[in-house]
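# A look at the structure
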There are 6 protein chains.
Amino acid sequence: MTEQQKTALVVSAHSADFVWRAGGAIAQHATLGYAVHVVCLSFGERGESAKLWRKGEMTEQRVKAARRQEAEAAAEVLGASVEFFDIGDYPMRADTDTLLRLADVFRRVQPEFVLSHSLKDPYNYDHPLAMNLTQEARIVAQAEGYRPGEKIVGAPPVYAFEPHQPEQCEWRPDTFLDITEVWDKKYAAIQCMAGQEHLWEYYTRVALQRGVQAKRNIGITASKHIVYAEGFQSVFPRVTEQLG
Amino acid sequence: MTEQQKTALVVSAHSADFVWRAGGAIAQHATLGYAVHVVCLSFGERGESAKLWRKGEMTEQRVKAARRQEAEAAAEVLGASVEFFDIGDYPMRADTDTLLRLADVFRRVQPEFVLSHSLKDPYNYDHPLAMNLTQEARIVAQAEGYRPGEKIVGAPPVYAFEPHQPEQCEWRPDTFLDITEVWDKKYAAIQCMAGQEHLWEYYTRVALQRGVQAKRNIGITASKHIVYAEGFQSVFPRVTEQLG
Amino acid sequence: MTEQQKTALVVSAHSADFVWRAGGAIAQHATLGYAVHVVCLSFGERGESAKLWRKGEMTEQRVKAARRQEAEAAAEVLGASVEFFDIGDYPMRADTDTLLRLADVFRRVQPEFVLSHSLKDPYNYDHPLAMNLTQEARIVAQAEGYRPGEKIVGAPPVYAFEPHQPEQCEWRPDTFLDITEVWDKKYAAIQCMAGQEHLWEYYTRVALQRGVQAKRNIGITASKHIVYAEGFQSVFPRVTEQLG
Amino acid sequence: MTEQQKTALVVSAHSADFVWRAGGAIAQHATLGYAVHVVCLSFGERGESAKLWRKGEMTEQRVKAARRQEAEAAAEVLGASVEFFDIGDYPMRADTDTLLRLADVFRRVQPEFVLSHSLKDPYNYDHPLAMNLTQEARIVAQAEGYRPGEKIVGAPPVYAFEPHQPEQCEWRPDTFLDITEVWDKKYAAIQCMAGQEHLWEYYTRVALQRGVQAKRNIGITASKHIVYAEGFQSVFPRVTEQLG
Amino acid sequence: MTEQQKTALVVSAHSADFVWRAGGAIAQHATLGYAVHVVCLSFGERGESAKLWRKGEMTEQRVKAARRQEAEAAAEVLGASVEFFDIGDYPMRADTDTLLRLADVFRRVQPEFVLSHSLKDPYNYDHPLAMNLTQEARIVAQAEGYRPGEKIVGAPPVYAFEPHQPEQCEWRPDTFLDITEVWDKKYAAIQCMAGQEHLWEYYTRVALQRGVQAKRNIGITASKHIVYAEGFQSVFPRVTEQLG
Amino acid sequence: MTEQQKTALVVSAHSADFVWRAGGAIAQHATLGYAVHVVCLSFGERGESAKLWRKGEMTEQRVKAARRQEAEAAAEVLGASVEFFDIGDYPMRADTDTLLRLADVFRRVQPEFVLSHSLKDPYNYDHPLAMNLTQEARIVAQAEGYRPGEKIVGAPPVYAFEPHQPEQCEWRPDTFLDITEVWDKKYAAIQCMAGQEHLWEYYTRVALQRGVQAKRNIGITASKHIVYAEGFQSVFPRVTEQLG
């Protein structure tokens, strides 16, 4: 049983979200031996590809292809597998088939933990949709009566990764993950996102700020040197045998 | 460095609170090798000793003595040390001397983690006072300029243990501690509280309910048998290297 | 006018929810002479019938039939009528026809008060859907222009009954209903739920805890002996002529 | 036992607050036979007597005397008794003696219910102080060990009456009291407040708005004609035997 | 550039909402030279036309026609243009076509600011739907990849206007707009709503109350005479060069 | 009247807070012609002078003197006047004399707007104390009966500037102030804080992040180039004549 590889699931509304918001967590857990799987619900072809569209001579297919390439490159750098649901964005809509498709991913991956977007984001309605879809898919995947006989999933913790304007999204980090050791991988993955270069330094600063904050929340015996961190908000309580 | 014994601090408004609300955590960490220290701000002589007062022939000194005895017995069962500030209850008031006295306890104990009451409790104003005092004492103990030269404390996590009517106190557990292994110790400590027998079964049921809930929040590889649990609400974000 | 029988409406996402969460309220009001009507939106065939599925040789139809039988038996014990919308669960989806069907139930029943689920439940997305459907159906049933000429409904109070993990659902009881007199009926109804035996003692403890809490919120002239209670959260303000 | 007169307690930060904010409730319960007692913590001599100060030739004693006269006249119109703690305003400060003095009022009055200010008011820090003092006094009065042998109080419901800018105070009415029958008394009491004439029409409109809102929250069998109402926010859950 | 007329967009769930809730803002900005455009998603034919339905001999078409006439008259009085999406009410449902139709209005109007309903309203589910539709349409209209080549919109501020029972909708005004100068226009527009005469005085009182409150929030150099005001809640932070 | 210089008041718990958190606002309004006055309640001698204490040979007086020098230099760079209440820190305590002293500053300064700390800060109890003191002093200064005859203050807007860990303080910026033009002054003032060099880059990044966010909240006609910004949270609603 203990020989089984641990796994994690990341659900990203657009094909770059997992890089900015969870790239450190992905690289960190890949390093720890987890098989991390990313589902991109869309390519962000309409809403997050402004630079590509401004190039001219663009079609939705070309934009999608370029975005897919970037995302695959980033996932490889981070050490994760990635798949694309291609359900469209701005607006994103998920029907029951999409929900069950994601539930099936839960069944297949059997994740130890799950990452997706914040439950509120007034700047981007696709993000809460992705998180709600993720949570409902997890619930369906827990049901004995959905595809009876398959192995159901347990109750893996779900975390909301950091949105672009955290306070406006009522997102509060309750967990800081030290990503200092894997920061070079995250920054390399960030650099795969050629279409959104204006965000490279923004998310570098986010990682540095969260790093400083993480250091301010360490107890007395810790002597770690944290420089970069990512923040996460738990959806569910955690279960533990030790509080220290 | 690693040979140093880990420590924890529990701040209890009245002399029985630490038993009902954190007895499992105390016993569990004592078992894990922690030196757990309990500060009782008062004996609960006015507000939580109804049964004693109804005996007749009582004075505040006699009530305090009886309560002290119960608390010391309970602490011993749980494996913790205990001290009494004796600042009175109903109403509890803490002046700056009391604050600094508690800051000095922080400096002396250097706790890995801290437990106290919820920040809101419309049924009991002594409880939020205890938590606020605890948090401010921790802040003072972190200051280089308070008793310069002494070893300051780090930023140990602070948890609010469970109040009597959790929803009315806006208390939401984000951490469940499995106390199944030490339940017998907690129940033995509970039985030391002769004056509040009506609460024995109440807090047994609390532990069972939280046990069921803990099981509902366990991820996929967990195969533990949890029967009893305690819930805690974190005041600060935790810092970690792994989300699974 | 006063001879007219008073009525109440309970909307249950799955066919057992009304028993665990509102069985006492149903029995209590049936005893008081109310005609209480229960709408079960689904049988909980996928998500809340694990024990049945594990029996083997099961089909969705068999599970539904077994669940219907249990729910009808429980309703009879509690003294309520029950109907089943059979719209499926995990995931539950309600189209406009279902909404209007429920609005028609409101028109037919003309309830004095309404009970359904909490508006948030991260463990179960069917529950908030049921409450939202209930609230919107009530609004449609109030509209003069919906089926013009029919008798519209007033503004009956709506209460959210207790979810499984109340704090995680941001559910706060503002009303405790004394169910001591009808507890035997509720427990008999609970025992009809053969497929979910693990919940019998859980909800017995819930009733005992809420009973203790109810006693802690009684004013001075009350001398009642409350042992069992159910908690409810009001959606709307109540209108009264007396505050005492 | 049933022959005992029911009682209520109103704690007003300044000597006119009870009129604007709870005058209808006072008159209504006086009409129902309650002995309603009002405690005015201050005369509002500094902060709510601008018109008097502008008259010139004023001293704090003269302002207080004028305010006392107005408040006594208003209390008489409403049918309540009134006493004045005279602890000052802008800023208001309450020491332990004041707390115990109010606890003693609780013991003496043994109220069925209690009214005071909202727990937040960024426009007036005296108001939250009054409510916190009221709640803590109630808690002290419940303690067997405070003045042992005296009759303790039960757990009477506490309501926050309406602040001047309700949304800014995070005050949400969960209870509307119909005061149509006693509106003439409330308006007569309002007219006793010669120093704050600018508020007369303001609070008339408040009563009319709350009246309209109350009508929008009445269930189906109600056929009442509500014109004027007061809103209240409950601090504690209520205990009942009927939800309809 | 500065010669371009400024514009504003108001999205109203039913055809009278914009009058009660934003009529002052519309008239005020029309006076300031803005081209204000109103989109009525429905005529409120089912839910807000009780008086018309009670006339007898009514059909949905006749009700709609009467409501359209009232709304057009009111818009003219206020100085705004108006269009009707006619998507129905009680329940209101908006498909993707409706969303894109509204996004196209955003692109066409290029509003400086946007007004719609509160995000929560337990009395009326059409209202939050309208606001969510508005916000999502604004997001789609911002996307370079939606109808590539068209002029996208910026990030105009969005405000929620006042719901009928503000506290129950968790609506808190953070902006008071002085409408004293245009009150006569707002009241004239209100009088166009022949079918809802019971609301005329209600919303007059709302404007007076908000006027008094606005005066209580004015800094020291202001010497304005405000009698009538409207309250608004911002969805997004504002950007400014001066705090005074 | 219009010739009078506009003024602003900043209340800083420790002598460096006004630089990190409001230095841009101070410089910006000084540039606009405001007389900005800063009150430092303490020198931060105990809690925010770690580097000084570690130098050795230190006394509280020497630390205070060094901190005073830094703060005065920073204020001069920003173009503000500064005074020091010297009430101590870690813990900070403010008695009634301090409150009235600050009320007298309000009377003297007659500020157009006021800046202070967030109302919650679990990392630093001095910060909420400073904001509460500021708000209560403003209220006292508004009272006709406090020092009758003096010119009272109006209702100047109060803003909470940014705390160190914004989400943990439940602080949400609703106002972004463009400080691009004065950034060089703010950074020069920051460099006066020799004792807290570790914060220089932290608050540079804060200003850059808020600058990016500000740009994401600008409406359509804005064409400004914002690089640096400060965020503020309003305590009170603002009053305006234009929403665009």
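Below is a short write-up of the structure.

What counts and how
Residues numbered from 1 in each chain as written. Chains lettered and ligands numbered in written order. Predicted model: local features only at pLDDT ≥ 70, side-chain atom pairs only at ≥ 80, totals over all residues. Heavy atoms only, no water. Pairing = 2+ DSSP bridges. Helix = DSSP H or I, 4+ residues; strand = E, 2+ residues; numbered from the N terminus. Axes fitted to C-alpha atoms, helices over the stretch in contact; angles between N-to-C directions. Buried < 20%, exposed > 50% of the residue type's maximum accessible area, 1.4 Å probe, protein only. Contact = heavy atoms within 4.5 Å. Least-squares fit on C-alpha atoms with pLDDT ≥ 70 in both. Buried area = accessible area lost by both parts, 1.4 Å probe. Salt bridge = Lys/Arg side-chain N within 4 Å of Asp/Glu carboxyl O. Nonpolar A, V, L, I, M, F, W, Y, C, P; charged D, E, K, R; others polar. Disulfide = S-S within 2.5 Å. Expected span 1.5 Å × (residues − 1). Right-handed = clockwise from strand over helix to strand, strands pointing away.

## Section: the sheet that holds strand 7 (residues 229–234) of chain D
On the basis of which strands lie adjacent, the open sheet formed by 8 strands has the order 8(C)-6(D)-7(D)-5(D)-4(D)-1(D)-2(D)-3(D) and mixed pairing. Strands at the two margins of the open sheet, each flanked by one partner only, are strand 8 (238–240) of chain C together with strand 3 (81–84) of chain D. Averaged over all pairs of adjacent strands, the angle between strand axes in this sheet comes to 25°, irrespective of strand direction. Strand direction decides the pairing type here: strand 8 of chain C and strand 6 (residues 175–178) of chain D, joined by 3 bridges, are parallel. Each residue of the ladder has a partner; that of C:T240, found in strand 6 of chain D, is D:L177.

## Points about the sheet that holds strand 1 (residues 7–12) of chain C
One open sheet holds the 8 strands; their spatial order is 3(C)-2(C)-1(C)-4(C)-5(C)-7(C)-6(C)-8(D), and the pairing between them is mixed. Every other strand in the sheet has two partners, leaving strand 3 (81–84) of chain C together with strand 8 (238–240) of chain D as the edge strands with one partner each. Shown here is a sheet whose adjacent strand axes are inclined to one another by a mean of 25°, direction ignored. Sheet topology places strand 5 (residues 158–161) of chain C next to strand 7 (residues 229–234) of chain C; 3 bridges connect them, and they run antiparallel.

## Examining the environment of C:Q135
With respect to the helices and strands, the residue C:Q135 is situated in helix 5 (residues 126–142). With relative accessibility at 2%, the residue C:Q135 sits in the buried group. With 15 residues separating them in the primary sequence, C:Q135 and C:E150 have C-alpha atoms 19 Å apart. Apart from residues no more than four positions distant in its own chain, C:Q135 is found in contact with C:L119, C:V235, C:F236, E:P122 and E:Y125.

## Some thoughts on the relation of the copies chain B and chain A
Note on the identical chains: chain B maps onto chain A by a rotation of 180° and an axial translation of 0.0 Å, with an RMSD of 0.0 Å. Both copies of the chain, as the preceding transformation shows, are related through a two-fold rotation axis. Considering only C-alpha atoms, the residue of chain B closest to the rotation axis is B:D174, which sits at 4.8 Å. An overlap of 100% is found between the interface residues of chain B and their copies at the interface of chain A, pointing to a shared contact surface.

## Things to note about the interface of chain B and chain A
Contacts between the two partners involve 45 residues from chain B and, on the opposite side, 45 residues from chain A. Overall, the association of chain B and chain A removes approximately 3,700 Å² of surface from exposure, summing both partners, and the carbon and sulfur fraction of that is 56%. At the boundary of chain B and chain A, one finds 0 salt bridges. If you list the elements that add at least two residues to the side of chain B that touches chain A, you get helix 1 (17–31), strand 4 (113–116), strand 6 (175–178) and strand 8 (238–240) of chain B. Broken down by element, the side of chain B that touches chain A gets its largest block of residues, 4 residues, from strand 6 of chain B. A class-by-class count of the residues in the side of chain B that touches chain A yields 25 nonpolar, 11 polar and 9 charged.

## A closer look at the pairing of strand 6 (residues 175–178) of chain E
Residues and elements named next belong to chain E. The alternating pattern of strand 6 places T175 and L177 and F176 and D178 on opposite faces, both of which are buried. In terms of strand pairing, strand 6 meets strand 7 (residues 229–234) through 4 bridges, oriented antiparallel. Bridge assignment links D178 to a residue of strand 7, and that residue is A229.

## Quick look at the state of the cysteines
Following the criterion strictly, the structure yields 0 disulfides over all chains and no others. Counting only cysteine sulfurs, E:C192 is the nearest neighbor of E:C40, a cysteine outside any disulfide, at a range of 13 Å. Accessibility expressed as a relative area gives 0% for E:C40, which makes it buried. A disulfide-free cysteine, F:C169 has its sulfur positioned 18 Å from the sulfur of A:C169, the nearest such atom. What makes F:C169 buried here is its relative accessible area of 3%.

## So, helix 7 (residues 200–215) of chain F
The terminal C-alpha atoms of helix 7 of chain F lie 23 Å apart, and with 16 residues this matches the ideal 22 Å at 1.5 Å per residue to within 8%. Taken across its 16 residues, helix 7 of chain F has 13 buried, putting it largely inside the fold.

## Points about the relation of the copies chain B and chain D
Mapping chain B onto chain D is achieved by rotating through 120° and translating by 0.0 Å along the same axis, at an RMSD of 0.0 Å. Read as a symmetry element, the transformation amounts to a three-fold axis. Considering only C-alpha atoms, the residue of chain B closest to the rotation axis is B:D95, which sits at 7.4 Å.

## Focus: the pairing of strand 1 (residues 7–12) of chain F
Residues and elements named next belong to chain F. When you tally the buried positions in strand 1, you get 6 out of 6 residues, the bulk of the element. With burial as the criterion, each face of strand 1 is covered, one bearing T7, L9 and V11 and the other bearing A8, V10 and S12. Two strands pair when backbone bridges link them, and strand 1 and strand 2 (residues 35–40) are joined in this way by 6 bridges, in the parallel orientation. Opposite L9, over in strand 2, you have H37 as the bridge partner. The β-α-β motif built from strand 1, the intervening helix 1 (residues 17–31) and the parallel element strand 2 has right-handed crossover chirality. In this sheet, strand 4 (residues 113–116) lies alongside strand 1 in parallel orientation, the contact comprising 3 bridges. When the sheet's bridge partners are listed, L9 is paired in strand 4 with V114.

The quantities given are spatial measurements derived from coordinates; they are silent on function.
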